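Summary of structural features
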Amino acid sequence: MRRRDLLKLGGLAALGASAAACGGSGSGSGSGGDVELQFMYWGSTFEKAAVERMLKQYQQKHSGVTVKPLYTPDEYDVKLNTLVASNRLPDVGYVPLAMSFRLGEQGKLVNLFPYLKKYPQLAGYLPDAYLWSGQDNLHGVATANEIELLWYSKSAIAAAGVTPPPADAASAWTWDQLVEAAYKLTVDQNGKHPDEPGFDPKQIKQFGISSSITYGAAWYGFLRSNGVDFADEAGKKCLLDTPEAIEVFQNLQDLIYKHRVAPGPGQLAATGDDVPGTNILLKTKRVAMVVDGHWSLLDMNESKVDYGIGVLPKYAEPFTSTQVAGASAVFAGGKHEQEAVELFAFHNDPRYVDLFAKGLWMPQEKKYYEDQAAIDSWTKNDLHPPEFRTAVVDYARDHGVPVFGNRVKNMSSISSDVLTPALQEIETGKRPAGEILKAAAPKITSMLQGWQHTQDL
């Protein structure tokens, strides 16, 4: 399952866990009065190994404390809900974002606000990383930062004679420049481009661009760049039926059906609904450019893809989605809250977790985007290309906006009942985007309950 599938709107779709096997017995005391904690998490086998290494380091630095890893790769939300219902919670762990707000409001998660003074590291996170259930009720943080980028195949770009996508926000392509490049990069089996006579749209060898219509983080930066948000300032009125929003979605639809430079539903599927990851699409030159998350860096390097990283095209001011990740929290009711909070502060620290240097995660602490030595500590290696500083670090710091799906109340219901079906219909191309959005927006408005609480430290 691709990383994107773990990060769907509202944080619930496709999350999984085999936690039933882990028991979820909560914290306890081992022999001799030693403290035993449980850490519950999901992720790939690579993430599993990295988390286990982190937990071993924590134990080495905290004499008398042992941590039992509860690796939970399937049906995570279902299994965690079961543990909540039976009051057999772990001590620390990942929590699907939408669920974290509910558990925070129910008092099932430790309020970390009183601990910020004791642990300065926790007080130094990016402001958008904090997850609040109410005033001074800090129930967790987004586990890692992630942003959306424009990935491309260097060899495909070179073969088409296209200038590579800019790696700094100030030089970001306009939408028209993206389309122009995509035309040159799209070829059918006979080597013809979409604007040439005889082009066969049913036999496309290489698509110029792939940018998801149904995945919110992929298009939210475009929406903000065009001067509009998902909802108004109060979070009570949906703005997807505004001219600015309609333009964004019509442009995405046009990539598929008007320009014929992007794949439609099912055109990239290898078997059934299984779409290859971005690394495979670029390596096989099935697609020349893909809008996808920073987490793809890990797979790019492991697959030895000849890739480059660019910033997203812009309308007005350039923007990209940030905080596209699940939450981490300390579960309430454990016998060893102090030690659990210390583990929480430790668990996503780049000094102890190599997922940052390896390319899966981006740090949450501000210093890793502002202090040169700190930036070098996770980016100055062979796994981060030369353009990473401007295309990712600077881009995230200066042009990142927290994705709406993590901030809108009732997002899970809105997504499943109205938003996702509407976006899927846009993707089919059977009706114009504006017609679909004008019908969906009032329905979404009727379900909106406002934005999640935020506050300054």
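Residues numbered from 1 in each chain as written. Predicted model: local features only at pLDDT ≥ 70, side-chain atom pairs only at ≥ 80, totals over all residues. Heavy atoms only, no water.

1. Considerations on the overall build of the protein chain
Which entries qualify depends on this criterion: To qualify as a helix, a DSSP run of H or I must reach at least 4 residues; to qualify as a strand, a run of E must reach at least 2; elements of each kind are numbered from the N terminus. All radius of gyration figures rest on C-alpha atoms, and the globule criterion is 2.2 Å times the number of residues raised to 0.38. Accessibility here uses a 1.4 Å probe with only protein chains present; expressed as a share of the type maximum, an area under 20% marks a residue as buried, one over 50% as exposed, and anything in between as partly exposed. Residue contacts are defined here by distance: any two heavy atoms, one from each residue, within 4.5 Å place the two residues in contact. Here, Shrake-Rupley sampling with a 1.4 Å probe gives the accessible areas, and only protein chains in the shown set may cover a residue. Positive charges come from Lys and Arg, negative ones from Asp and Glu, while His and the chain ends are left out of the count. In plain terms, the charge of a residue is placed at NZ if it is Lys, CZ if Arg, CG if Asp and CD if Glu.
For the protein chain, the count of helices and strands is 16 helices and 14 strands. Radius of gyration (C-alpha) of the protein chain: 22 Å, near the 23 Å computed for a compact globule of 457 residues. Expressed along its principal axes, the backbone C-alpha trace of the protein chain runs to roughly 80 × 50 × 40 Å. Put simply, the protein chain has 457 residues, and 59% of those count as buried. Sequence-distant contacts, at least 24 apart, represent 74% of the contacts inside the protein chain between residues at least 6 apart. Per element, the accessible surface of the protein chain, about 18,000 Å² overall, is 48% carbon and sulfur. Looking at the protein chain, you have 44 positive and 53 negative side-chain charges, and the mean spots of the two groups are 3 Å apart.

2. Focus: the sheet that holds strand S8 (residues 187-188)
Hydrogen bonds between backbone groups are what pair the strands of a sheet, and the pairing can be parallel or antiparallel. The criterion, for reference: Pairing between strands is defined by DSSP: at least two bridges between the two strands are required.
Taken in spatial order, the five strands of this open sheet run S8-S9-S10-S7-S11, and their pairing is mixed. Each edge of the open sheet carries a strand with a single partner, namely S8 and strand S11 (307-310). Relative to strand S10 (residues 287-293), strand S9 (residues 204-210) is paired through three bridges, and the arrangement is parallel. By the bridge assignment, Phe207 is partnered in S10 with Val287.

3. Focus on helix H13 (residues 372-379)
Note the following rule: An arc is given here, and it is the one of the directions from the helix axis to the C-beta atoms. By the criterion applied in these results, polar contacts are pairs of N or O atoms within 3.5 Å in which, for protein atoms, one can donate a hydrogen and the other can accept it, and in which residues neighboring in sequence qualify only through two side-chain atoms.
Residues Ala374, Ile375, Trp378 and Thr379 constitute the buried set of H13. The buried side chains of H13 occupy one side of the element, clustering within an arc of 115 degrees when seen end-on. Where H13 begins, one side-chain oxygen reaches toward the backbone nitrogen of Ala373, 3.3 Å away; that side chain belongs to Asp371.

4. Details of the environment of Leu55
For Leu55, the position within the fold is in helix H1 (residues 45-61). Looking at Leu55, the relative accessible area reads 2%, which means it is buried. For the pair formed by Leu55 and Val67, sequence separation is twelve residues and the distance between their alpha carbons is 6.6 Å. If near-sequence neighbours (up to four positions away) are discounted, Leu55 is found in contact with Phe39, Val67, Pro69 and Leu343.

5. Regarding the pairing of strand S5 (residues 130-134)
Walk down a regular strand and you will see the side chains alternate between the two sheet faces. Within S5, five of the five residues are buried, which leaves the element mostly enclosed by the surrounding structure. As judged from the four bridges shared by S5 and strand S6 (residues 137-142), these two strands associate in the antiparallel manner. The residue of S6 that forms the bridge with Gly134 is Asn137. In this structure, the hairpin formed by S5 and S6 is closed by a connection of two residues, where Asp136 is found at a positive phi of approximately 60 degrees.

6. A word on the nonpolar core
Worth spelling out the cut-off: Among the buried residues, those of types Ala, Val, Leu, Ile, Met, Phe, Trp, Tyr and Cys that are joined through side-chain atoms within 4.5 Å form a nonpolar core.
The biggest cluster of nonpolar side chains holds 153 residues, and the ones touching the most others in it are Phe39, Ile209, Phe230, Leu240, Phe249, Met289 and Phe404. Ignoring any residue separated from it by four or fewer positions in sequence, one finds Ile209 in contact with Leu150, Leu178, Ala182, Leu255, Val261, Ala262, Pro263, Val287, Met289, Val290 and Val291.

7. Examining helix H16 (residues 433-447)
The condition that has to hold: Here, expected helix span is obtained from the residue count minus one, scaled by 1.5 Å. One axis fitted to the seven residues ending at a residue, another fitted to the seven starting there: the angle between these axes is the bend at that residue.
Its 15 residues give H16 an end-to-end C-alpha distance of 21 Å, which sits within 8% of 21 Å, the value for a rise of 1.5 Å per residue. The largest bend in H16 amounts to roughly 25 degrees and is located at Ala440, with the proline Pro442 lying one to four residues further along. Among all positions in H16, only Ala433, Gly434, Ile436, Leu437, Ala440, Ala441, Ile444 and Met447 are buried. Buried-residue contacts for H16 involve helix H8 (243-257) and helix H15 (411-428).

8. Side note on the side chain of Asn226
Assignment of secondary structure puts Asn226 in the loop between helix H7 (216-225) and H8. You can call Asn226 buried: its relative accessible area is 15%.

9. Here's the deal with the pairing of strand S4 (residues 92-95)
Of the strand pairs in this sheet, strand S2 (residues 35-41) and S4 are connected by two bridges, and their pairing is parallel. Within S4, the residue paired with Phe39 across the bridge is Val92. Pairing geometry for S4 and strand S13 (residues 327-330), over four bridges, is antiparallel. Its bridge partner being in S13, Gly93 is matched across the sheet by Ala329.

10. Concerning the confidence of the model for the protein chain
Definition in use: What pLDDT expresses is the predictor's confidence in each residue, scored from 0 to 100.
Residues at a pLDDT of 70 or more form 92% of the protein chain, whose mean pLDDT is 92. Ignoring residues within four places in sequence, the model shows residues 1-25, a span with pLDDT below 50, making 81 contacts including any to other chains.

11. Digging into the packing of aromatic side chains
Two measures describe an aromatic ring pair: the distance that separates the ring centres and the angle between the ring planes. Applicable threshold: Ring pairs shown here join Phe, Tyr and Trp side chains whose ring centres sit within 6.5 Å, with only the six-membered ring taken for Trp; geometry is labelled stacked below 30 degrees between planes, edge-to-face above 60, and tilted in between. Charge-over-ring contacts are defined here by two conditions on Lys NZ or Arg CZ: a distance within 6 Å of the ring centre and an angle within 35 degrees of the ring normal.
Inspection of every chain in the model, using the stated rule, returns 22 aromatic pairs. Judged by centre distance (5.4 Å) and plane angle (45 degrees), the ring pair of Tyr41 and Tyr71 falls under tilted. Linking Tyr41 in strand S2 with Tyr71 in strand S3 (residues 65-71), this pair joins segments that are 30 residues apart in sequence. With relative accessibility at 0%, the residue Tyr41 sits in the buried group. When the ring of Tyr115 is compared with that of Tyr119, the centres are 6.4 Å apart and the planes differ by 35 degrees; the resulting orientation is tilted. Within the aromatic cluster, the residues linked to one another by ring pairs are Phe39, Tyr41, Trp42, Tyr71, Tyr76 and Tyr94. Just above the ring of Phe319 sits the side chain of Arg224; from NZ or CZ to the centre is 5.6 Å.

12. Brief notes about unusual backbone geometry
Positive phi, normally seen in glycine, also occurs at Glu75, with a value near 50 degrees. In this fold, Glu75 is placed in the loop between S3 and helix H2 (76-85). Backbone geometry at Asn87 places phi at a positive 55 degrees, although glycine is not the residue there. Checked against the element boundaries, Asn87 lands in the loop between H2 and S4. Residue classification places Asn87 among the exposed residues on the basis of a relative accessible area of 61%.

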